[in-house]
Amino acid sequence: MLSYQHAYHAGNFADVHKHLTLYAVTDYLLRKKTAITYIDTHAGRGLYPLATKETQRLQEYREGIWPLWQTREQLSDPLLNGWLNAVTAAQPEAQELTLYPGSPWWLSQPLREHDRLRLFELHPGEHQHLNAQTLPPQAQRIYGDGLAGLAAMLPVATPRLCVLIDPSFERKAEYQEVADTAAYTLEKARHGIVLIWYPLLPAGHHHTLLDTLKASGVRKIWRSELLLRAPGEQTHGMYGSGMLVINPPWGLGERLAAAMAEITPCLGEKSRHVAQWWVEE
Ligand code: SAM
């Protein structure tokens, strides 16, 4: 039984981290003409109006997109500016932040006629919300399990593949399942780019994901973590957001580090970004 609903967390610092990384990757992929299949294994609703009662309950966007939006005129990093311009383009009124765009929106933006997008969502209510979004015809919404769906689609028919795996991690076993699916994906699509989001929690469950991937023999895994608070400061709850990018595009680390240098001061004095290879060549 799935209970997680991303609307309670929309636009938080982890979304900023995840979607900025995704934006940097898709921006790079557009430099070549060859077709791309994008797969979003855990799509969510697609768009999150900030005024809904779910999002208003925790107002996590106030420690995420909100401070960046407020200071956007003073920010100078080109990647961050491009990303914030995209957030602006998603708003019905350019001057007001009323919507936060989720991964289906971010992955719809770069779609060209010959690209494809597959969006998996298993929660019936969330899938219904996703179905209500206007998306380009290259985007197909699938009500089903994203990890099994991804594995069944491999190898894809296009020369390039870009996968986002962004689970809710309601079950501890998901850390292992994600690592196994990512390793299988790379077996079937050696040059595919796979992005994996994970939470940094005091219990440290993400080590299962990291260690399993390392042991699987997958190479070129770049790891980025955005911390909102110091790890030891709280006994429960998410203190940071993690992203793995397998087969990262050239220059991704430098571009994101520069953007993060402008982001972290907006997120509070304890916020910091750490990035390095988890597994190199
Ligand atoms: N990727 C979205 C974004 O960035 O806007 C947020 C996704 S949210 C963290 C995780 C989503 O995965 C939830 O909507 C949940 O219902 C869905 N989900 C959970 N288990 C799933 C599964 N096995 N297959 C597909 N979707 C699943």
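Residues numbered from 1 in each chain as written. Predicted model: local features only at pLDDT ≥ 70, side-chain atom pairs only at ≥ 80, totals over all residues. Heavy atoms only, no water.

## What about the UniProt feature "binding site: S-adenosyl-L-methionine" (unreviewed entry) in the protein?
UniProt annotation of "binding site: S-adenosyl-L-methionine" (unreviewed entry) refers to His 19, His 42, Ser 103, Glu 121, Asp 145, Gly 146 and Asp 166 when read in the numbering used here. Those annotated residues from the list above that line the largest pocket are His 19, His 42, Ser 103, Glu 121, Asp 145, Gly 146 and Asp 166. Locating Asp 145 in the fold gives a position in the loop between strand 5 (139-143) and helix 7 (146-153). The contacts of Asp 145, once residues within four sequence positions are left out, are Phe 120 and Leu 122. Engagement of the side chain of Asp 145 in a polar contact is seen with the backbone nitrogen of Leu 147, the distance being 3.3 Å. A relative accessible area of 4% places Gly 146 in the buried class. (UniProt positions renumbered as here; feature names shortened; annotations may be inferred. 1 Å grid on protein atoms, 1.4 Å probe; cavity = no way out; pocket = protein on both sides within 12 Å on 5 of 7 lines; lining within 4 Å. Helix = DSSP H or I, 4+ residues; strand = E, 2+ residues; numbered from the N terminus. Contact = heavy atoms within 4.5 Å. Polar contact = N/O pair within 3.5 Å; in protein donor to acceptor, adjacent residues only side chain to side chain. Buried < 20%, exposed > 50% of the residue type's maximum accessible area, 1.4 Å probe, protein only.)

## Thoughts on the environment of Gly 237
Relative to the assigned elements, Gly 237 resides in the loop between strand 8 (221-227) and strand 9 (240-246). Distance from Gly 237 to Leu 201, taken between C-alpha atoms, is 6.1 Å for residues 36 residues apart in sequence. If sequence neighbours within four positions are ignored, Gly 237 has contacts with Leu 200, Leu 201 and Pro 202.

## Some points on the site of the ligand
Near the ligand, the surroundings consist of 20 residues, among which His 19, His 42, Glu 121, Asp 145 and Asp 166 are the closest. Within the side chain of Lys 18, one N or O atom sits 3.3 Å away from an oxygen atom of the ligand. Take Ser 103: an N or O atom from its side chain is 2.8 Å from a nitrogen atom of the ligand. In isolation the ligand exposes 600 Å². Once the protein is present, 97% of that is buried. At a threshold of 2 Å from the grid points, most atoms of the ligand map onto the largest pocket. Class assignment of the residues belonging to the shell around the ligand gives a composition of five nonpolar, eleven polar and four charged. (Near = heavy atom within 4 Å. Areas by Shrake-Rupley, 256 points an atom, 1.4 Å probe, with all protein chains shown as cover. Sits in = over half its atoms within 2 Å of the grid points. Nonpolar A, V, L, I, M, F, W, Y, C, P; charged D, E, K, R; others polar.)

## What to know about the sheet that holds strand 4 (residues 116-121)
Spatially, the eight strands line up as an open sheet ordered 5-4-1-6-7-9-8-10, and their pairing is mixed. Strands at the two margins of the open sheet, each flanked by one partner only, are strand 5 and strand 10 (272-279). Each strand of the sheet is rotated relative to its neighbour by a mean of 15 degrees, with strand direction disregarded. Where strand 8 and strand 10 come together, seven bridges link them in antiparallel fashion. Its bridge partner lying in strand 10, Ile 221 is registered against Val 279. Sitting on the sheet, helix 1 (residues 13-29) touches strand 1 (36-40), strand 6 (160-165), strand 7 (193-200), strand 8 and strand 9, and the angle it makes with strand 9 is about 20 degrees. (Pairing = 2+ DSSP bridges. Axes fitted to C-alpha atoms, helices over the stretch in contact; angles between N-to-C directions.)

## A word on unusual backbone geometry
Residue Pro 155 follows Leu 154 across a cis peptide bond; omega there is -5 degrees. Along the polypeptide, Pro 155 turns up in the loop between helix 7 and strand 6. Even without being glycine, Phe 169 reaches a positive phi, approximately 50 degrees. Locating Phe 169 in the fold gives a position in the loop between strand 6 and helix 8 (173-188). In the Ramachandran plot, Lys 220 falls in the positive-phi region, its phi being about 50 degrees despite a non-glycine side chain. Considering the arrangement of structural elements, one finds Lys 220 in the loop between helix 9 (206-216) and strand 8.

## Things to note about the UniProt feature "active site" (unreviewed entry) in the protein
Per the UniProt record, "active site" (unreviewed entry) is found at Asp 166. Its location among the elements puts Asp 166 in the loop between strand 6 and helix 8. With relative accessibility at 13%, the residue Asp 166 sits in the buried group. Discounting chain neighbours no more than four positions away, the residues touching Asp 166 are Lys 18, Thr 41, His 42 and Trp 197. Here Lys 18 takes part through its side chain, which lies 2.7 Å from a polar atom of the side chain of Asp 166.

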